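# Examining the three-dimensional arrangement
This is what each chain is made of:
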2 protein chains.
Amino acid sequence: MDIQAIATQCKDAAILMSALSTDIKDKALKNIIKALETNMDLIIDANKNDLEQARKDNLDAPLLKRLKFDQPKISEACDGIASLIKLEDPVGKTLSATELDKGLTLFKVSRPIGVIGVIFESRPDALVQIAALCLKSGNAVLLKGGSEASATNQILASVISKAGVDTGLPEGWLGLLETRSDVDQMLKLEKYVDLIIPRGSNEFVRYIMDNTVIPVLGHADGICHLYIDRLADPKMAVDLSVDSKCQYVAVCNATETILVHEALAKDILPVLKKELEAKGVKIYGCEKTGDIIDVEAATEKDWQTEYLDLIVSIKVVPSLKEAVAHINRYGSGHTDVIVTSDKKRALYFMDHTDTADAFWNCSSRFSDGFRFGLGAEVGISTNKIHARGPVGLEGLMIYQWRMIGDGHMVKDYTGEAAKPFTHKSLNKDF
Amino acid sequence: MDIQAIATQCKDAAILMSALSTDIKDKALKNIIKALETNMDLIIDANKNDLEQARKDNLDAPLLKRLKFDQPKISEACDGIASLIKLEDPVGKTLSATELDKGLTLFKVSRPIGVIGVIFESRPDALVQIAALCLKSGNAVLLKGGSEASATNQILASVISKAGVDTGLPEGWLGLLETRSDVDQMLKLEKYVDLIIPRGSNEFVRYIMDNTVIPVLGHADGICHLYIDRLADPKMAVDLSVDSKCQYVAVCNATETILVHEALAKDILPVLKKELEAKGVKIYGCEKTGDIIDVEAATEKDWQTEYLDLIVSIKVVPSLKEAVAHINRYGSGHTDVIVTSDKKRALYFMDHTDTADAFWNCSSRFSDGFRFGLGAEVGISTNKIHARGPVGLEGLMIYQWRMIGDGHMVKDYTGEAAKPFTHKSLNKDF
């Protein structure tokens, strides 16, 4: 099938997916766990083929590690699905109910978005997770994984799709795209695809965002800041700097720039340098930083760089206001931290920093769907509409307005003898 | 100032707008009412100039009517602002609160989106309304009105902007764009503008949507359907058809296609024809419709047309399922109605129709922010993310995650001796 045909079938399937009962969806998820377990050998064999090819192609060790999908990883993926079964069905919740007039009631009811296009690099577990999330939330899904995992993805998509259809899901609820040109075609199918979630490198996400008019949920950059305020506890400030920078450097919520209020720069910078360097971190500092500690000079480019490595930039700022201005200028609106003992200054920071996650006295690394307790993570968004920061299942949801009347006509509510609306909020489920 | 400079200033202003107290915002709204009243003569004079030019340019009578901004219209606009003052401040509401661990609390707090770009044709009252809505919701705004209203818009923007700044709003919170080329420039400023709301003709909205990567809130088409089910009350079905089609034909929530279940086509079509024709409606019908009543033949194009006029297309369908399939194929996802006495069939319709507003036994014309009781209407959206259907102030809002800790580090929550998260939902405001 060509992409247009796959997408058309997926769009039709989305309508049926949106109307499935919780029972059927949870049964399908259980059936998928069973099918993954039954087909474990086939999946591992396919993955071995991918791994062999990847080794021939000289892929990096970290990439090989992410590509590997063995028995423990399959079990982990199945555990993930099992925990999803326990979550409440997000579809069909009554978000509001209003009486417009006697016998005329308006409900706002949560509904799936429709067709979700998900594009991810390597990690086959992402395929399993995303397929399950879309199913639970009543969405249909078009998936494209990394080409290095193509054999694994094919068998996974086929096993998961079939297990769903066998339980009563519509044919085509999960479509697999296989090539980069498939993706480019999908990016143009705005009539069929309602939302795109890209998971991968910054360049990859940026490419997707720049090449489609379909809404994209995600983030291209994670340039996170930690600001050490004039009124910070110095030990806490250093500890949080180390955790935010070093706890795991290759991720979007790792801190890339530390801003230090000039009032305590002299005292704190030498300690900060010692602790960061003990972890192997290389420091680029502004001129004022360089006056206090021996570091490489930072350039304009450093403030714009997501190192994703054991590297940090440090800037001395004259005020809280200047710290906020720096973040609003160079940040990516992902996660930004203030360390201070003063509540008013923390509130100023949160109110004026244009960021998805504004944290006070805790590590930037907490910015994560699982740590937030969202149950399942769809991604982390730096969008300013729909969903922001770590996104759980609710990021795959929208709503429908449902009005029930008894022959009510607008003509009776207009003109001279217009009936008034009651607009009474009701505590009532659809 | 060039557009880039106006947008930069507006983006900076947005940060300050987002942090304003309810008190300041409501004072600014009151001051705007006062300023509009004080400057009424100047505004009316400017509007007279626009009207004179428009008459010279031979503008249509309906356009001239919408362009006119006289004393009653100014008073009405002021009343609109006054009612906005009474609404609850949408900024800073705690949407959720979660304890992650002792002393580590996560809040989800409602926040403004940032810079809203609003583009509208003629009607100067739209400028007043949108500026007030953005102010109330803590957003900054870039406005572009119709060129035929340029003198009126200039004085309005200047009076409103100044009244705001005089009350403590940041300089540049309201920016006025003046030419079509200004708009084209704004559409490219995705780094500065967070959301675009176009108000105008379908072609105009379509143009905006096709020419920007900035999210657009609105609808290009309003191809609304009314489906008369096999189990419909015939009198109610005819009454609702007439109200949905004729109550006001030039608007997006007017019905354009009536679908009739074949089981009652023979009985209902003659009555429907009589009642619609009595209102001056011209009917295009499918072949089966033509077999029963004398009408012009509908073509494929009719099912895709938003007439916005005293014209309707009628199609006989063999089943509820086929009615839904027709709507999902040709509809614009705006408003679709089922008339039936059967609850199960109504639920099937709502569950399977991919539309913002799914109505049962009431007129499609109810699809409207004021009728819905939203307090203020930002627009009607056929988007599948963020906001759908009639959109009130909440369409101008997003949220920020705010976490408060006491030096909490992620390293303590990972590895062998990882502390567990409590993830306890709290009933607590930020």
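Criteria and cut-off values
Residues numbered from 1 in each chain as written. Chains lettered and ligands numbered in written order. Predicted model: local features only at pLDDT ≥ 70, side-chain atom pairs only at ≥ 80, totals over all residues. Heavy atoms only, no water. UniProt positions renumbered as here; feature names shortened; annotations may be inferred. Salt bridge = Lys/Arg side-chain N within 4 Å of Asp/Glu carboxyl O. Helix = DSSP H or I, 4+ residues; strand = E, 2+ residues; numbered from the N terminus. Domains from an automatic or database assignment. Pairing = 2+ DSSP bridges. Axes fitted to C-alpha atoms, helices over the stretch in contact; angles between N-to-C directions. Contact = heavy atoms within 4.5 Å.

In the nomenclature of an unreviewed UniProt entry, chain A corresponds to Gamma-glutamyl phosphate reductase from the organism Desulfobacula toluolica. Per UniProt, chain A has the following entry under Function (unreviewed entry): "Catalyzes the NADPH-dependent reduction of L-glutamate 5-phosphate into L-glutamate 5-semialdehyde and phosphate. The product spontaneously undergoes cyclization to form 1-pyrroline-5-carboxylate." Reading the Sequence similarities (unreviewed entry) entry of the UniProt record for chain A gives the comment "Belongs to the gamma-glutamyl phosphate reductase family."

## Observations regarding the pattern of salt bridges
Scanning all chains against the criterion turns up 44 salt bridges over all chains. Close ionic contact of Asp351(B) with Arg111(A) constitutes a salt bridge, the shortest N to O distance being 3.8 Å. Residue Asp351(B) is found in helix 15 (residues 343–352), and its partner Arg111(A) is found in strand 2 (residues 104–112); the two belong to separate chains. Where Lys282(A) meets Glu296(A), a salt bridge forms, and the shortest distance between an N and an O atom there is 3.0 Å. Highlighted residues: Lys282(A) in strand 9 (residues 282–285) and Glu296(A) in strand 10 (residues 296–297), separated in sequence by 14 residues. Three or more residues are tied together by salt bridges with common partners; here these are Lys11(A), Asp194(A), Asp354(B), Lys384(B) and Arg388(B).

## A few points about the domain arrangement of chain A
The domain architecture assigned to chain A consists of domain 1 (3–210) and domain 2 (224–366). Its C-alpha centre places domain 1 of chain A at a distance of 37 Å from the equivalent point of domain 2 of chain A.

## Observations regarding the sheet that holds strand 6 (residues 195–199) of chain B
Residue and element names in this part refer to chain B. Reading across from one edge, 5-4-3-6 is the order of the four strands in this open sheet, with parallel pairing throughout. Looking at the sheet topology across the chains shown, the edges are occupied by strand 5 (174–177) and strand 6. For this sheet the average axis-to-axis angle between neighbouring strands, irrespective of direction, equals 20°. Where strand 4 (residues 140–144) and strand 5 come together, four bridges link them in parallel fashion. Residue Leu-143 lies in a different strand from strand 5, and its bridge partner there is Leu-176. Against the sheet, helix 1 (residues 3–18) contacts strand 3 (115–120), strand 4 and strand 5, and its axis sits at roughly 145° relative to strand 4.

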